[in-house]
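# Secondary and tertiary structure notes
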Amino acid sequence: MSVIQRQRGAITLIFTFMLPAIVSLLAITVYFAMYSQVVIRAGQAVDSAVLACAYQQNDTGVVTEDILNYYRPNFVLPGLNQSVKLNSKNGCQISAQYRFEPAMVNALPVAIDSDTEVVSNSHSSAKLVVNVNGNGNGIQNPVDVALVMDISGSMKSDLPELKNIITDVIRDIDSSSNQVRFSIVPFQTGVGVSGAPWLLSSEVSPKCVDGLVYRNSNLDADKTVQSLNYPSDRLDFNEVTPGPWLDRCSDNSFILPLTNNLNSVIRHVNSLKTSGGSTASYQGFIWGVRTLTEQWQKEWKVTPVQSSSLTQRLILFTDGDDSRRDYFNDLMRAGLCDVIQQDLNIQVSFIGFGVSADRIKQFQQCAGRKESVFDASNTAELAAYFEDAININIGTNVSIVFGE
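Residues numbered from 1 in each chain as written. Predicted model: local features only at pLDDT ≥ 70, side-chain atom pairs only at ≥ 80, totals over all residues. Heavy atoms only, no water.

## Some thoughts on the sheet that holds strand E4 (residues 143–150)
With respect to topology, six strands assemble into an open sheet ordered E10-E5-E4-E11-E12-E13, the strand pairing being mixed. Looking at the sheet topology across the chains shown, the edges are occupied by strand E10 (256–259) and strand E13 (373–376). Each strand of the sheet is rotated relative to its neighbour by a mean of 15°, with strand direction disregarded. Pairing of E4 with strand E11 (residues 311–318) involves seven bridges; the strand directions are parallel. (Pairing = 2+ DSSP bridges. Helix = DSSP H or I, 4+ residues; strand = E, 2+ residues; numbered from the N terminus. Axes fitted to C-alpha atoms, helices over the stretch in contact; angles between N-to-C directions.)

If you want it as structure tokens, here you go:
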């Protein structure tokens, strides 16, 4: 029994000597657990706050404080030091500070004042990045758009507003990527070209170019569709020099081939003028296609984009019926719309401004989808429809990037 009592006494003595070390080890463990949680929570808090700030483009202090308080552990002092900055160049930048008083201060192996606070600072930044037609990885996909615009006499009062709507939308496109290209195809009775590399006579003076094929002076719809993407040397354009008294095409508004110079596109749109009294949207439709296909891009001395992600879109605007409406119907029956969309992979949209119900129905039959045809009855609707049509083709992809 005396041996057992001596062993108990020795264990008690050893435990007594080791107790301060055990308590110190426990205090250190608690300290590092508290510190690790504060560091992790502070990082989560500023990342969440900067995400909300960048997404909403709002640096309101209440939102930031609520998020920082949500992630704040219970033992962290409620008073938070924070800094929130938001600007267009650097995006949103948030810094925050969590402070806490260590538990079991007196048990730590180093002397620490009981009023000492441990501080953890965290910083995060994020920027809202907008890409045109992005693929989700911040890389912009190429887009070609042909704007086929009615400049017949009936457009005299509406053309200025249409030009403002178009140029406003184009100005909102990021031009730095050079991935978005436009062509402009104005039409009235016909379509005109000036300085076209595939028509040498147009280098001397502008020419009206007829996109239709005739047989015995009548429209040959089947041959017209078959020749839609023929090279220029296989076509007979029935070229005519335009003049102020000749209602064949405009003598001052001509095709602008595809270009990624958006300033040039805006200038060209602003230079358009109404002329003539007749409307032939099928002429603009055909020549709009002939600015987009790879074959005709080469004819215009434009380098085609070699990309599987290329999107091509034709948007036709008009405020009335064609003077020869049967021509458009004949061309549709010959498969014009199917060839454009299925064989040439060109998406089509139509915007009618105060046009008849039959005209809208005609466009819907050509497009094959009602949502690709817009019927505007006032300029406000026209602006909304046109912006919607452009966004379908040149949609913006918004992403938030941390660390920028």
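## Overview of the side chain of Lys207
Along the chain, Lys207 falls in strand E7 (residues 207–209). As a buried residue without a salt bridge, Lys207 has its nearest oppositely charged side chain in Glu239, at a separation of 4.4 Å. (Buried < 20%, exposed > 50% of the residue type's maximum accessible area, 1.4 Å probe, protein only. Lys, Arg positive; Asp, Glu negative; His and termini not counted. Salt bridge = Lys/Arg side-chain N within 4 Å of Asp/Glu carboxyl O.)

## Description of a nonpolar patch on the surface
Together, Ile14, Met18, Leu19, Ile22, Val23, Leu26 and Met104 give the surface a local cluster of nonpolar side chains, amounting to about 570 Å² of exposed area. For Met18, the position within the fold is in helix H1 (residues 2–56). Among the residues examined, Met18 registers a relative accessible area of 44% and is labelled partly exposed. (Patch = residues over 30% accessible without salt bridge, like charges linked within 9 Å, V, L, I, M, F, W, Y side chains within 5 Å. Areas by Shrake-Rupley, 256 points an atom, 1.4 Å probe, with all protein chains shown as cover.)

## What about the state of the cysteines?
One pass over the structure, following the stated rule, counts two disulfides. A disulfide bridge connects Cys208 with Cys249, and the sulfur atoms are separated by 2.0 Å. Note on the Cys208 and Cys249 pair: the S-S dihedral is about -80°, so by sign convention the disulfide is left-handed. Remark: Cys249 occurs in the loop between helix H5 (221–226) and E10 and Cys208 occurs in strand E7; sequence separation between them is 41 residues. Grouping residues by exposure puts Cys208 and Cys249 together as buried. In this model, Cys337 is linked to Cys366 through a disulfide, with the two sulfur atoms separated by 2.0 Å. Looking down the S-S bond of the Cys337 and Cys366 bridge, the torsion is -105°, so its handedness is left-handed. Taken together, the residues span a long stretch of sequence, with Cys337 in helix H10 (residues 336–343) and Cys366 in helix H11 (residues 357–367) at a distance of 29 residues. (Disulfide = S-S within 2.5 Å.)

## Quick notes on the environment of Ile266
Among the secondary structure elements, Ile266 is positioned in helix H6 (residues 262–271). A relative accessible area of 8% places Ile266 in the buried class. Ile266 has contacts with Thr167, Ile170 and Arg171, leaving out every residue within four places of it along the chain. (Contact = heavy atoms within 4.5 Å.)

## Describing the packing of aromatic side chains
The description of an aromatic ring pair uses the distance of the two centres, along with the angle that the planes make with each other. Taken as a whole and judged by the stated rule, the model has 14 aromatic pairs. With a centroid separation of 5.5 Å and 10° between ring planes, the pair formed by Trp198 and Trp287 is classed as stacked. One end of the pair, Trp198, is in the loop between strand E6 (191–193) and helix H4 (201–204); the other, Trp287, is in helix H7 (residues 281–289), with 89 residues separating them in the sequence. A residue is classified by how much of its surface remains accessible, and Trp198, at 10% relative accessible area, is buried. For Arg234, the ring lying beneath its charged end belongs to Tyr230, and the centroid distance is 3.8 Å. The side chain of Arg290 reaches across the aromatic face of Trp287, ending 4.9 Å from its centre. (Phe/Tyr/Trp six-rings, centres within 6.5 Å; stacked < 30°, edge-to-face > 60°. Lys NZ or Arg CZ within 6 Å of the ring centre and 35° of its normal.)

## Concerning the packing of H7 against helix H9 (residues 325–333)
To describe two helices that pack against each other, one gives the angle between their axes and the distance between the axes. Following both chains from N to C, one finds H7 and H9 inclined at 40°, their axes separated by 9 Å at the closest point. Here H9 runs oblique to H7, going by the angle between their axes. Along its contact with H7, which presents Ser281, Tyr282, Phe285 and Ile286, the element H9 presents Tyr327, Phe328 and Leu331. (Parallel < 35°, antiparallel > 145°, perpendicular 65-115°, else oblique.)

## Regarding H7
The buried fraction of H7 amounts to nine of the nine residues, a majority that puts the element mostly inside the structure. Ser281, Tyr282, Gln283, Gly284, Phe285, Ile286, Trp287, Gly288 and Val289 are the residues of H7 that are buried.

## So, the pattern of salt bridges
What the rule picks out here adds up to seven salt bridges. Linking Glu371 and Arg369 is a salt bridge whose minimum nitrogen-to-oxygen distance equals 3.9 Å.

## Topic: H11
Within H11 the residues assigned to the buried category are Arg359, Ile360, Gln362, Phe363, Cys366 and Ala367. Down the axis of H11, the sector holding all buried residues measures 155°, keeping them to one side. For H11, the exposed residues lying more than 90 degrees away from the buried face are Ala357 and Gln365. Buried residues in H11 make contact with H7, E11, H9, H10, strand E12 (347–353) and E13. Once H11 ends, the next one or two residues include Gly368, with phi positive near 80°. (Arc of directions from axis to C-beta.)

## Describing the nonpolar core
Judged by nonpolar contacts, the single largest core of 47 residues is most densely connected at Trp198, Phe285, Trp287, Leu314, Leu331 and Phe350. At five residues, H7 tops the list of elements feeding residues into this core. With residues near it in sequence (within four places) discarded, Trp287 still touches Val185, Val191, Trp198, Val209, Asp210, Gly211, Phe237, Ile255 and Trp296. Residues Val145, Leu147, Met155 and Phe353 belong to the second largest nonpolar core, which totals 32 residues. (Core = buried A, V, L, I, M, F, W, Y, C linked by side-chain atoms within 4.5 Å.)

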